[in-house]
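So you can see what is in the structure, the chains are spelled out below.
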Amino acid sequence: MPNVVVVGAQWGDEGKGKIVDLLTEHAQVVVRFQGGNNAGHTLVVGGEKTVLHLIPSGILHAGKVCVIGNGCVVDPTVLMKEVDGLRARGFLQDSAQLLVSEQAHVICPWHKHLDVLREKARGGQAIGTTGRGIGPAYEDKVARRGIRIRDILDGDRLRRRVKERLPDVLDELTRLAKTAKAEEPLLDVEAIISELLVLGGRLREFVGDASLKLAQHVRKGARILFEGAQGTLLDIDHGTYPFVTSSNTVAGNAAVGSGLGPTAIDRVLGITKAYTTRVGSGPFPTELSDELGDRLRKAGDEFGATTGRPRRCGWLDTVVLRYAARVNGLWGLALTKMDVLSGFETLKVCTAYKLNGETVTELPCDYEDFSRVEPVYEELPGWQQPLAGARTIDDLPGAAQRYVRRVEEIVGIPVVSISVGAERGETIVLQNPFRS
């Protein structure tokens, strides 16, 4: 049985949480391999909504092992809040169900202050970060001055690492506060150390060598589901740089961010909405800044699960999807929020771009070029019927079926599932990636 990576094929918010929750039934282990609590994976089961920021979306299934890999950055306060919230509802009663890599890096209080003040200091050039400290934490990791989960389990080591880092942090915060004309945050070194040690003590029962444990699961033949955060176009290398996140979101990072070799990955499933959304700054060729965009936002409840920010909405961009298929090696697409398109008389799909008077069918690598492209649209008939009751593709209106098939034709890979509502069961499954 194959191991499967789930990745976002757009700019994030594609509905990965729901698909991971659905596929967890067929897996024994679910691994989150990058990002931090800037992600917001929303699950709706039995009418109850759960939003997870760090813990993998498979946690609502009893007996499944959920792993936060070394490629993640962890805010221990947020993590423990999620743990407490899940336990209060009867989940995660067995601590063996959650494993946190001791090599994952910690988001410390100063990372959040740096994140917020840097955005303020950028003014009109702000990137649109969530202000959760994700970027500064990854920056410290790459600069080899980060604090890891294992460090907050050892008082002497933690004290040494914090005191080594704080002088430079305080200098930067002072400069940023002046530039942004903002109040300089006060950092109490002893209070920070004390808080992190308390959190480390609470986390201890979950911490271990995730790479080793995952390798043991592989040897036993366990089926592993790798859960990515954000989306392909937010990848630090392959996204719309510089308006990207601070980690590699593409499927190749599933191996690096979990401590397994690439031969542990068999299939990659890309998640895409039936339209396109984006949060924050950066180019968005199919954006609808009119009543149609407002209609999509309202119908799709397009507000960030992490920040609450309204998402920018637009027509489906298949140039982006073809790019995502290439850089991830997608096996199939899961098409989400098809139900949101009900009621539109005509739908548009972007099949190419106009750039400098020429038609281009590939995503420009240059940010300035990408910011100047104009979408080339193909119009398709819409449908009026609600889709929530559909459980097979034949249950869909003819126009909805044609929409799915046209997406397959343009992108060049099959649509293997179609989401017609927020609930776990409101999904048409055409192919299961865990089955041959």
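To keep things clear, this report deals only with the structure shown in the data block.

Conventions and cut-offs
Residues numbered from 1 in each chain as written. Predicted model: local features only at pLDDT ≥ 70, side-chain atom pairs only at ≥ 80, totals over all residues. Heavy atoms only, no water. Helix = DSSP H or I, 4+ residues; strand = E, 2+ residues; numbered from the N terminus. Rg over C-alpha atoms; globule rule 2.2 N^0.38 Å. Buried < 20%, exposed > 50% of the residue type's maximum accessible area, 1.4 Å probe, protein only. Contact = heavy atoms within 4.5 Å. Lys, Arg positive; Asp, Glu negative; His and termini not counted. Charge placed at Lys NZ, Arg CZ, Asp CG, Glu CD. Axes fitted to C-alpha atoms, helices over the stretch in contact; angles between N-to-C directions. Parallel < 35°, antiparallel > 145°, perpendicular 65-115°, else oblique. Left-handed = near helix turned anticlockwise from the far one by under 90°. Nonpolar A, V, L, I, M, F, W, Y, C, P; charged D, E, K, R; others polar. Core = buried A, V, L, I, M, F, W, Y, C linked by side-chain atoms within 4.5 Å. Disulfide = S-S within 2.5 Å. Polar contact = N/O pair within 3.5 Å; in protein donor to acceptor, adjacent residues only side chain to side chain. Expected span 1.5 Å × (residues − 1). Bend = angle between axes of the 7 residues up to and from the residue. Phe/Tyr/Trp six-rings, centres within 6.5 Å; stacked < 30°, edge-to-face > 60°. Lys NZ or Arg CZ within 6 Å of the ring centre and 35° of its normal.

A short note on the overall build of the chain
Link 1 in the chain: Within the chain, the regular secondary structure consists of 12 helices and 20 strands.
Link 2 in the chain: Against the globule reference of 22 Å for 436 residues, the chain gives a C-alpha radius of gyration of 22 Å, in line with a compact fold.
Link 3 in the chain: Projected onto its principal axes, the C-alpha positions of the chain cover 65 × 50 × 40 Å.
Link 4 in the chain: Relative to its 436 residues, the chain shows a buried fraction of 56%.
Link 5 in the chain: Sequence separation of at least 24 residues holds for 75% of the intrachain contacts in the chain that already meet a minimum separation of 6.
Link 6 in the chain: Across the chain, the centroid of the 54 positively charged side chains sits 3 Å from that of the 55 negatively charged ones.

Some details on the packing of helix 2 (residues 76-88) against helix 6 (residues 189-203)
Link 1 in the chain: One can describe the packing of helix 2 onto helix 6 by two numbers: an axis separation of 10 Å at closest approach and a directional angle of 40°. In terms of orientation, helix 2 and helix 6 fall into the oblique class. The two elements helix 2 and helix 6 cross, and the hand of that crossing is left-handed. Here Pro76, Thr77, Leu79, Met80 and Asp84 of helix 2 come into contact with helix 6, specifically with Glu195, Leu196, Leu199, Arg202 and Leu203.

Quick word on the packing of helix 3 (residues 109-122) against helix 4 (residues 134-142)
Link 1 in the chain: For the pair helix 3 and helix 4, interaxial distance at closest approach is 7 Å and the crossing angle is 115°. The interaxial crossing formed by helix 3 with helix 4 has right-handed handedness. The segment helix 3 lies against helix 4, with Trp110, His111, Leu114, Asp115 and Arg118 engaging Ile134, Pro136, Ala137, Glu139 and Asp140.
Link 2 in the chain: A breakdown of the residues in the contact of helix 3 with helix 4 according to their chemical character gives five nonpolar, one polar and four charged.

Examining the nonpolar core
Link 1 in the chain: Formed by 55 residues in total, the largest nonpolar core has its most connected members in Leu333, Met338, Trp383, Leu396, Tyr403 and Ile418.
Link 2 in the chain: No other element matches helix 12 (residues 398-411), which puts seven residues into this core.
Link 3 in the chain: With residues near it in sequence (within four places) discarded, Leu333 still touches Ala9, Leu269, Gly270, Thr272, Leu321, Val407, Val411, Ile413, Pro414, Val415, Val416 and Ser417.
Link 4 in the chain: Membership of the second largest hydrophobic core comes to 54 residues, among which are Ile68, Met80, Cys108 and Leu187.

Side note on the environment of Val320
Link 1 in the chain: Secondary-structure assignment places Val320 in helix 10 (residues 318-328).
Link 2 in the chain: Expressed as a C-alpha distance, the spacing of Val320 and Arg204, which sit 116 residues apart in the sequence, is 42 Å.
Link 3 in the chain: Discounting residues that sit within four places of it in the chain, Val320 has contacts with Ala9, Gln10, Trp11, Leu233, Tyr353 and Leu363.

With respect to the state of the cysteines
Link 1 in the chain: This structure, assessed with the given rule, holds zero disulfides.
Link 2 in the chain: The thiol sulfur of Cys313 is not disulfide-bonded, and the nearest other cysteine sulfur, from Cys350, lies at 16 Å.
Link 3 in the chain: Take Cys365: it sits in no disulfide, and the sulfur closest to it among the cysteines is that of Cys350, at 16 Å.
Link 4 in the chain: Since its relative accessible area comes to 80%, Cys365 is described here as exposed.

Some points on the environment of Asp369
Link 1 in the chain: One can find Asp369 in helix 11 (residues 367-370).
Link 2 in the chain: Separated by 250 residues in sequence, Asp369 and Glu119 place their C-alpha atoms 24 Å apart.
Link 3 in the chain: Reaching out from Asp369, the side chain makes a polar contact with the side chain of Arg372 at a distance of 2.6 Å.

Considering helix 5 (residues 155-180)
Link 1 in the chain: Between the first and last C-alpha of helix 5 there are 35 Å, a value that for 26 residues agrees with the 38 Å anticipated at 1.5 Å per step.
Link 2 in the chain: The largest bend along helix 5 measures about 35° and falls at Leu166, with the proline Pro167 one to four residues further on.
Link 3 in the chain: Of all the residues in helix 5, the buried ones are Leu158, Val162, Arg165, Leu166, Val169, Glu172, Leu173, Leu176, Ala177 and Ala180.
Link 4 in the chain: Buried residues along helix 5 sit in contact with helix 3, helix 4 and helix 6.
Link 5 in the chain: The N-terminus of helix 5 is capped by Asp154, whose side-chain oxygen sits 3.1 Å from the backbone nitrogen of Asp156.

Focus on the packing of aromatic side chains
Link 1 in the chain: According to the stated counting rule, one finds six aromatic pairs in the structure shown.
Link 2 in the chain: Aromatic side chains Trp11 and Phe284 sit 5.6 Å apart centroid to centroid with 50° between the ring planes, which places their arrangement in the tilted category. With Trp11 in the loop between strand 1 (4-8) and helix 1 (16-23) and Phe284 in the loop between strand 12 (276-278) and helix 9 (291-300), this residue pair connects regions lying 273 residues apart in the sequence.
Link 3 in the chain: Judged by its relative accessible area of 7%, Phe284 falls in the buried class.
Link 4 in the chain: Measuring from centroid to centroid gives 5.5 Å for Phe243 and Tyr367, while their planes differ by 45°, and the two rings are tilted. Taken together, the residues span a long stretch of sequence, with Phe243 in the loop between strand 10 (224-227) and helix 8 (253-256) and Tyr367 in helix 11 at a distance of 124 residues.
Link 5 in the chain: One aromatic cluster is present, built from ring pairs that chain together Trp11, Phe284, Tyr353 and Phe370.
Link 6 in the chain: Over the face of the ring belonging to Phe344 we find Arg295, whose NZ or CZ atom lies 3.9 Å from the ring centre.

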